[in-house]
Amino acid sequence: MSLWSRVLNAMRGERLNREIEEELQAHIEEAIASGRDPREARRSFGSMLRRREASHSIRAAGWLEAILADIRFGWRQLGRNKVTSAAAVLSLAVGIGSCVAAFRLIDALLWRPLPISNSSNLYVLSRKMIGLYGRPVEDGHWATPEFKLMHDAVKEQGDLIAISDADRTDVTWAMDGSDEVEKAHVAYVSGNLFPVFGLEPALGRLLTPADDRGPGAEPYAVLSWDYWSHRFGRDPHVLGGSVHIGDQAFEIIGVGPRNFSGTEKGTVTDVFLPLSMNKSASQESMTWHRVFLMLKPGVKQATAIEPLRQHLSAINHAFQVSCSSCFHGATQRDIDRFLNQQLVISSAGAGVSDLQKDYRRYLGILGLLAALILFIACLNVANLMTAQASARAQEMALRISIGAGRRRLIQLILSQSALLAVLASLFGAMFAAWSAPFVLSLVNPPDNPARLALPADWRVLLFGFGLIVLVVLLFGLLPALRASAVRPVAALKGGEDPHSPRRLMRGAIALQVAFCFLVLFMCSLFVRSFQRLQNRPLGFSTDRLLLLETVAGKGRLPVVWNQTAEALRATPGVDSVAISGWPLVGRIMINSEISINGAPPSPTPAWFLNVSPEWFSTMKIPLTSGRAFRPQDTSPGAAIVNEIFVKTYFPGQDPIGRTFERGAHQPLNKIVGVTADVPYHDLREPDRPIFYVPFDETDDKTLPTPVGFATFTIHTDTQNPLALANSLRQIIARRNNGLRVSNITTQLDLVRDQTIRERLIATLALFFAAVALLLAGIGLYAVLNHSVLQRRREIGIRMAIGSPRSGIVRIVTLDVFLMIAIGGGTGLSFGFGAARFFGSLLYQVKATDADTMALPACAILLTTLVATLPAVLRALRTDPTEILRAE
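Quick summary incoming for the structure in this document. Since this is a predicted model, take the numbers as computed values, not measurements.

**A word on the pairing of strand 13 (residues 545–556)**
One ladder, built from eight bridges, connects strand 13 with strand 23 (residues 707–716); its direction is antiparallel. Of the residues in strand 23, the one forming a bridge with Leu547 is Thr713. By the bridge criterion, six bridges tie strand 13 to strand 24 (residues 740–746) in an arrangement that is antiparallel. Bridging from a neighbouring strand, Glu549 pairs with Asn743 of strand 24.

So this is what it looks like as structure tokens:
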């Protein structure tokens, strides 16, 4: 009989037995019908039971029947203890669901290969060097002329591909018949991207090397399948239409494949344009796109990468040395520092993005926290299984006495464990399906959220299956081995060591407390780090400040910007309006070398911002000395500096009236005021030297310089400044002076965006800490309750002979409190080790701070007191008379 038939028969159970019984009976009746004596026929046929069992073993898979029987028995066992079983299933579900959700996020961002041909052969080029403040940095962006040199040099062994970051860009679609400006993620790519990646179009055609021949030669665009779907509803008539980006128009020639949306994980590219169509493509000093290397088929990775790296490194060094515009105005020290760089070739099969760089270690922490919660849950269930195995010692002894082997008993216990794990995995899958997208939604602000594909494919299913197996082994194997090792004679006489299961359970409690303390310790660090970053003194106001990031095409004179600001001031609900080149703690940051009295530039650069006279009062940044800008002030000319600027370049001097140059042999800037220190770009970094110059700039002929982009900073009367956003945008549009609002946000949102990572990990850490405390409390309660039940006779006798209540409390709690102390100390040492690993992610928080250690210790102590109270009360309510009567 085939294996499949035997498997199916094993599931038929009693119906198969009835069929065999009927078949055997038919054989006997056939013999009787042929004339044989009924008694003789039955006697010659032999034992009906033996015949039935032999036939059953041939027709059904016995091993599967045993497993199914064990599962049915395990289900009945779970039904007998509904509350305990439900607690075990839910605790495991949270652990399994958290691990699966963490895996989905980590896999989607860091591990999942790009949907291209030969993704394992894809690498990315970058340069390691020493940054401005002596810290090592890695730069992954390159100039297009250098890319072309390297491309030609390695074309025999691989293909170099240039891909820019997919920036949010203003686009206008001509086929809609409207001039409405939208935001789309636009990436400039070299013409060989689609052929080298082995991609085919979903509609039309894709870019080719012939489309990337030179500036303005081939103004073509390719839409991503995702953008084509949600923006145009998969309309095939989109081909031949045009999209306007800046002052350029591009013809749509095709739609990319369904699964490909760029190489930048976390961002879905909407539009692909030829690299040469970007104005930066001809500039030697402009590093603006990444360079990828795809090894050709047959080229061995192990032997090709290092020679390629050395070859490309030599080309890079020669290009930098010969680049006349790369070091304009730089000192020899800065030139030497920049040239002392190392070219690096890294694997890029899973894509490359800033999101990967920013969240790699945070996702590692998320995975660690989820794994710790799963371990705590497994220890809880292991204690439950150990207690049940101890209570079923006589049952196991009886099974052994009637012939059950040790393997059979292990299978029985593991089947029950597997049933728990499968039930928990079902609830965990639902939790993971909700939690992974929820965590992803917390990563970026609503106007530019991170986008990752989170499919429940074979990778996730395989991880989930492996997790179930691991969970079964973690909490089921030890109780199964212990239950199968029972000695029948001793167990049936009640002579098994009662302290052995308690020792196992107490050891599990120590581990559980250690893991719980580690989770709480990490939570304390991340929450305090987030609080300190969130409460960091800013030095400026974020209240009711609306920011209109505005562009002006080829640029407009400062007078146009100032007239627009006056029109905005006249709007009801507006308190004040100022103009700056860009907002504080935004995306843009520009520094400049500072020269004092004609001396060589200082090794410490300063950051600058051009602002209108009203900007300081609108931002509520106080002047500590000097005056604010006046309408007649221009740049170069007047300057206002912060206090760190004074300490850096004019230590111990009065800076008012002194001058400095932005680099060597540049026009002088005279300091007219000093302001308090404010963060310039990143809240996590210390305050830097900053100088402010007037918004009105002039050239060397004192003529006004056109301004291409700036930000209107508007202080409103309303508590919600975004309520005025549309009306203010329309006021600017109606003026028809070439200014157009590109983006709207608030100063408060920019500050909040700075703390997204810290808020995310603090929120998740708080959740995991609460779950860890809950599981630890349940585990402590279960162990103490089991201990009291097992020692009920001992407690009764002690109370009968006059033991005080304090003595009863001591024998109930002493061992457990000792395990908690051991576990807490172990968890603290684990916490110090973990803090060394992710200490760079913390803001002004140390692992050795007293309050950092006090919080988890107090939480563990409080949980312990709550969990031990019911067991202590139960022990004190023991009736010694009842115990002695039973004796």
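Now that the structure has been shown, the text picks up again.
**Quick notes on the packing of aromatic side chains**
As enumerated under the stated definition, the model contains 32 aromatic pairs in all. Both rings, one in Tyr227 and one in Phe232, keep their centres 6.2 Å apart while their planes meet at 85°; by these two values the pair is edge-to-face. Summarising the burial analysis for this pair, Tyr227 and Phe232 share the class buried. Look at Phe660 and Phe691: their rings are 5.3 Å apart centre to centre, the planes differ by 70°, and that puts the pair in the edge-to-face class. Separated by 31 residues along the polypeptide, Phe660 in strand 20 (residues 659–662) and Phe691 in strand 22 (residues 690–694) bring together distant segments of the chain. Residue Phe691 is classed as buried on the basis of its relative accessible area of 0%. Among the aromatic residues, those joined into a cluster by ring pairs are Trp582, Phe608, Phe645, Tyr649, Phe650, Phe660 and Phe691.

**Digging into the nonpolar core**
Counting 107 residues, the largest nonpolar core has Tyr359, Phe475, Val812 and Phe838 as its most contacted members. Secondary-structure elements contributing two or more residues to this core are helix 6 (82–111), helix 12 (354–391), helix 14 (406–441), helix 15 (458–484), helix 17 (499–534), helix 23 (756–790), helix 25 (805–838) and helix 26 (850–876). Of the residues forming this core, the biggest block, 19 residues, is contributed by helix 12. Excluding its chain neighbours within four sequence positions, the residues that come into contact with Tyr359 are Leu109, Val443, Ile756, Arg757 and Leu760. One finds Leu584, Phe645, Val674 and Ile690 within the second-largest nonpolar core, a separate group that totals 43 residues.

**Some remarks on helix 25**
An α-helical turn contains 3.6 residues, so any two residues separated by three or four positions project in the same direction. The first and last C-alpha atoms of helix 25 sit 47 Å apart over 34 residues, in line with the 50 Å expected at 1.5 Å per residue. The largest bend along helix 25 measures about 40° and falls at Thr813.

**Description of the packing of helix 23 against helix 26**
Running from amino to carboxyl end, helix 23 crosses helix 26 at an angle of 25°, the nearest separation of the two axes being 9 Å. As far as their axial angle goes, helix 26 and helix 23 are roughly parallel. The element helix 23 and its partner helix 26 pack so that their crossing is right-handed. Where helix 23 abuts helix 26, its residues Leu773, Gly777, Leu780, Tyr781, Leu784, Asn785, Val788 and Leu789 lie against Ala859, Ile860, Thr863, Thr864, Ala867, Thr868, Pro870, Ala871, Arg874 and Ala875. In terms of residue class, the contact of helix 23 with helix 26 is built from twelve nonpolar, five polar and one charged.

**Overview of the environment of Phe645**
Positionally, Phe645 belongs in helix 20 (residues 643–649). For Phe645, a relative accessible area of 0% puts it in the buried group. Placed 44 residues apart in sequence, Phe645 and Pro689 show a C-alpha to C-alpha distance of 4.2 Å. Excluding residues that lie within four positions of it along the chain, Phe645 makes contacts with Ile594, Ala606, Phe650, Phe660, Ile671, Pro689, Ile690 and Phe691.

**A look at empty space enclosed by the protein**
Gaps between atoms show up when a probe of the same size as a water molecule is rolled over them. Overall, the coordinates contain four cavities of 30 Å³ or more when judged by the stated rule. Empty space within the largest cavity amounts to approximately 130 Å³. Lining the largest cavity are 14 residues, and of these Tyr359, Leu363, Val439, Val443 and Leu760 sit closest to its centre. Put simply, the parts of the chain that give the lining of the largest cavity at least two residues each are helix 6, helix 12, helix 14 and helix 23. Among the elements that line the lining of the largest cavity, the one with the most residues is helix 12, at five residues. Residue composition of the lining of the largest cavity, grouped by class: 14 nonpolar, no polar and no charged. Of the voids in this model, the second largest cavity is the one considered here, and its volume is about 70 Å³. If you go around the second largest cavity, the residues you meet are Ile163, Ser164, Asp165, Ala166, Ala187, Gly262, Thr263, Glu264, Thr269, Arg290, Phe292 and Val352. Considering only residue class, the lining of the second largest cavity consists of five nonpolar, four polar and three charged.

**As for unusual backbone geometry**
Most peptide bonds are trans, and most residues other than glycine sit at a negative phi. With an omega of 0°, the peptide bond between Ser635 and Pro636 qualifies as cis. Mapped onto the elements of the fold, Pro636 is located in the loop between strand 18 (623–626) and strand 19 (638–642). Its identity is not glycine, yet Lys620 carries a phi of approximately 60°, on the positive side. Along the chain, Lys620 turns up in the loop between helix 19 (615–619) and strand 18.

Criteria and thresholds
- Residues numbered from 1 in each chain as written.
- Predicted model: local features only at pLDDT ≥ 70, side-chain atom pairs only at ≥ 80, totals over all residues.
- Heavy atoms only, no water.
- Pairing = 2+ DSSP bridges.
- Helix = DSSP H or I, 4+ residues; strand = E, 2+ residues; numbered from the N terminus.
- Phe/Tyr/Trp six-rings, centres within 6.5 Å; stacked < 30°, edge-to-face > 60°.
- Buried < 20%, exposed > 50% of the residue type's maximum accessible area, 1.4 Å probe, protein only.
- Core = buried A, V, L, I, M, F, W, Y, C linked by side-chain atoms within 4.5 Å.
- Contact = heavy atoms within 4.5 Å.
- Expected span 1.5 Å × (residues − 1).
- Bend = angle between axes of the 7 residues up to and from the residue.
- Axes fitted to C-alpha atoms, helices over the stretch in contact; angles between N-to-C directions.
- Parallel < 35°, antiparallel > 145°, perpendicular 65-115°, else oblique.
- Left-handed = near helix turned anticlockwise from the far one by under 90°.
- Nonpolar A, V, L, I, M, F, W, Y, C, P; charged D, E, K, R; others polar.
- 1 Å grid on protein atoms, 1.4 Å probe; cavity = no way out; pocket = protein on both sides within 12 Å on 5 of 7 lines; lining within 4 Å.
- Points joined across faces, edges and corners; volume = space filled by probe spheres on them.

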